[in-house]
Protein chains: 2
Amino acid sequence: MPGPIQSLSRAAAIMRLLAGGERRLGLSEVATALDLAKGTAHGILRTLQQEGFVEQDPESGKYQLGAELLRLGQSYLDVHELRARALVWADDLARASGETVYLGVLHQQGVLIVHHVFRPDDTRQVLEVGSMQPLHSTALGKVLLAYDPVARGQLGDGPLESYTLRTLTDPADVDAECALIRERGWADSIEETWEGVASIGALIQDRRRNPVGAVCVSGPVETVTEDGFVKPSLVASVRSAARAISRDLGAGRF
Amino acid sequence: MPGPIQSLSRAAAIMRLLAGGERRLGLSEVATALDLAKGTAHGILRTLQQEGFVEQDPESGKYQLGAELLRLGQSYLDVHELRARALVWADDLARASGETVYLGVLHQQGVLIVHHVFRPDDTRQVLEVGSMQPLHSTALGKVLLAYDPVARGQLGDGPLESYTLRTLTDPADVDAECALIRERGWADSIEETWEGVASIGALIQDRRRNPVGAVCVSGPVETVTEDGFVKPSLVASVRSAARAISRDLGAGRF
DNA sequence: ACAGGCGGTCGACATTGTCGACCGAAGTGT
DNA sequence: ACACTTCGGTCGACAATGTCGACCGCCTGT
């Protein structure tokens, strides 16, 4: 029986649809958006609802994602080996660098943040665990693009989305940058995704030397860069954190 | 077609099973645990896998939850109205009280933490958003038990799990306490779940006065209580935060 | 070398999810 | 106040669909 289970794929599509649109969606909206009969969509939604994956606003009748997803998402983090091993190293890195630290893994067409250590000052920051970052314009993403063929495959060959003037939008340019990244062993991104923000990332690999994720520090251009280049001391910190995590995962001695 | 979609319910059961057992589970384990034919379990797992809800460890072949759940869980938080409105109030409450602040909603047989503000000192703390707390032994839980009939229904009438010597394990005792909570308008829990930890909670209601969640402060007994009782000043802070959030939700003037 | 476990596949079967018409309620524009 | 639309939800017939259990090749421990 090689072939996905239809009702499951549809349920997944519905959840993604609900996750995408910011506001709640009605039954008919869901049905037409996914080209389903209303009855079919209703059956799936009803099941998802009683499993807790979807909730229904009692007054408007509209649907939104459910609490069970949050619980299961947390369970995902609990068993995430890379994250568990990286926790203390990420903390150390944040303390040593004075900047925000992210830990990300490849997921679909982006980088999923699985750990986030706030910059050790008292500015108000929002936790970004569970959110996605683009592959072609962030340090985390470019590290994965450089070392993980699967990531490169996800990128495709079409023009890429532009976020700032410095975003690389031509896949060929990204490939060239990836060659450089492989050569020197780390990636950076200076205002390629958000104005005023720069980051430096390095690869994490498992015991078999497979790429499994990336760490980065991220912060204001003013503190992360100097004369237009990222500070070498930060690069060293990130790389050594990445090596430490990889070693912890059993990647072997260096 | 009133009746859940079989394959979907089974998929949900599989994900919950994977979330429960700390370690990864093999195909056969899943199949026998849920009393499914191996082929059936495999079909569901394969679909879940290609949707990103489940991942398979390539060397052992065992299954674990997937990254898509984390992403969707985050999306759940993004649209969560209660949480959005409560963010700043929770921050203020943490600053004013000097203690950890939790925001929780009823989910199945427990309280799901949807927001968590660290105690404003520099101790290392782990984020508990997405985790569950028991209903009958925490301030959050008891608030919900006192005001939300659905929560009370979830509790059942059997003996309750005991965590410390002070845990109330008889539903009748809990009901009596709930009556008190309704009378005075707030709940506390002193070492009923974790030794050394006390908390104070109050109800949040929506524009229709329906209970929708609860806030609490939580901290060491030494700072939260005085002479065996919770500090009145903290009670006042929590209650006014709860009122503020309720008002923000449109619960009307008080 | 063997036995027993694993994850995964296959094809027949009938259960199960799907479809589109239909319903009452609520909203909307006139 | 009216007809008209659109909403969420239900129903029953149909066949497409998911389910089942035997089977396969592989690896592991004996």
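Residues numbered from 1 in each chain as written. Chains lettered and ligands numbered in written order. Predicted model: local features only at pLDDT ≥ 70, side-chain atom pairs only at ≥ 80, totals over all residues. Heavy atoms only, no water.

A few words on the relation of the copies chain A and chain B. Between chain A and chain B, the superposition needs a rotation of 180° and an axial shift of 0.0 Å, giving an RMSD of 0.0 Å. These values place the two chain copies in the arrangement generated by a two-fold rotation axis. No C-alpha of chain A approaches the rotation axis more nearly than that of Gly-73 of chain A, which lies at 2.7 Å. Looking at the interface residues of chain A, 100% of them are also at the interface in chain B, so both copies use one shared face. (Least-squares fit on C-alpha atoms with pLDDT ≥ 70 in both. Contact = heavy atoms within 4.5 Å.)

Tallied over the full model, the rule gives 33 salt bridges over all chains. Across the pair Asp-57 of chain A and Arg-24 of chain A runs a salt bridge whose closest N-O atoms are separated by 4.0 Å. Note that Asp-57 of chain A is positioned in the loop between β1 (54–56) and β2 (63–65) and Arg-24 of chain A in the loop between α1 (6–20) and α2 (27–33), a separation of 33 residues in sequence. With a closest N to O distance of 3.2 Å, Arg-124 of chain B and Asp-91 of chain A form a salt bridge. One end of the pair, Arg-124 of chain B, is in the loop between β4 (110–117) and β5 (132–134); the other, Asp-91 of chain A, is in helix α5 (residues 81–97), on a second chain. Salt bridges sharing partners connect three or more residues here, namely Arg-16 of chain A together with Glu-51, Glu-68 and Arg-71 of chain B. (Salt bridge = Lys/Arg side-chain N within 4 Å of Asp/Glu carboxyl O. Helix = DSSP H or I, 4+ residues; strand = E, 2+ residues; numbered from the N terminus.)

A few words now on the packing of α1 of chain A against helix α3 (residues 38–51) of chain A. Residue and element names in this part refer to chain A. One can describe the packing of α1 onto α3 by two numbers: an axis separation of 10 Å at closest approach and a directional angle of 75°. Our classification of the angle between α1 and α3 gives roughly perpendicular. Two secondary-structure elements touch here, α1 through Ser-7, Arg-10, Ala-11, Ile-14 and Met-15 and α3 through Thr-40, Ala-41, Ile-44, Leu-45 and Leu-48. Looking at the contact of α1 with α3 residue by residue, the classes come out as seven nonpolar, two polar and one charged. (Axes fitted to C-alpha atoms, helices over the stretch in contact; angles between N-to-C directions. Parallel < 35°, antiparallel > 145°, perpendicular 65-115°, else oblique. Nonpolar A, V, L, I, M, F, W, Y, C, P; charged D, E, K, R; others polar.)

Counted by the stated rule, this structure contains zero aromatic pairs over all chains. The ring of Trp-186 of chain A carries Arg-184 of chain A above its face, with NZ or CZ at 3.7 Å from the centroid. (Phe/Tyr/Trp six-rings, centres within 6.5 Å; stacked < 30°, edge-to-face > 60°. Lys NZ or Arg CZ within 6 Å of the ring centre and 35° of its normal.)

Next up on the list: the pairing of strand β8 (residues 211–220) of chain B. Residue and element names in this part refer to chain B. Counting buried residues along β8, seven of its 10 residues qualify, which places the element largely inside the surrounding structure. Where strand β3 (residues 100–107) meets β8, five bridges bridge the pair, whose relative direction is antiparallel. For Gly-104, the partnering residue across the bridge sits in β8 and is Ala-214. Here nine bridges tie strand β7 (residues 197–205) to β8, and the two strands are oriented antiparallel to one another. Along β8, the bridge assignment pairs Leu-203 with Ala-214. (Buried < 20%, exposed > 50% of the residue type's maximum accessible area, 1.4 Å probe, protein only. Pairing = 2+ DSSP bridges.)

Before going further, it helps to examine the interface of chain A and chain B. Listed per partner, the contact involves 56 residues of chain A and 57 residues of chain B. Interface area, chain A with chain B, both sides summed: about 4,900 Å², of which 60% is carbon and sulfur. Of all residues in chain A, the largest losses of buried area upon contact with chain B belong to Leu-8, Leu-70 and Tyr-76 of chain A, amounting jointly to 13% of the total for that side. One can count 10 salt bridges joining chain A with chain B. A salt bridge links Glu-81 of chain B to Arg-24 of chain A; its shortest N-O distance comes to 3.9 Å. Between chain A and chain B we count 17 residue pairs in polar contact (both at pLDDT 80 or more) in total. Among the elements of the structure, α1, α3, α4 (67–79), α5 and β4 (110–117) of chain A are those that each provide at least two residues to the side of chain A that touches chain B. With 12 residues, α4 of chain A is the largest single contributor of residues to the side of chain A that touches chain B. (Buried area = accessible area lost by both parts, 1.4 Å probe. Polar contact = N/O pair within 3.5 Å; in protein donor to acceptor, adjacent residues only side chain to side chain.)

The next point concerns the sheet that holds β3 of chain B. Residues and elements named next belong to chain B. Taken in spatial order, the six strands of this open sheet run β5-β4-β3-β8-β7-β6, and their pairing is antiparallel. Looking at the sheet topology across the chains shown, the edges are occupied by β5 and β6 (187–190). Geometrically, the sheet is characterised by an average inter-axis angle of 30° between neighbouring strands, direction not taken into account. As paired elements, β4 and β5 share three bridges and run antiparallel to each other. When the bridges of β5 are listed, Gly-110 appears paired with Pro-134.

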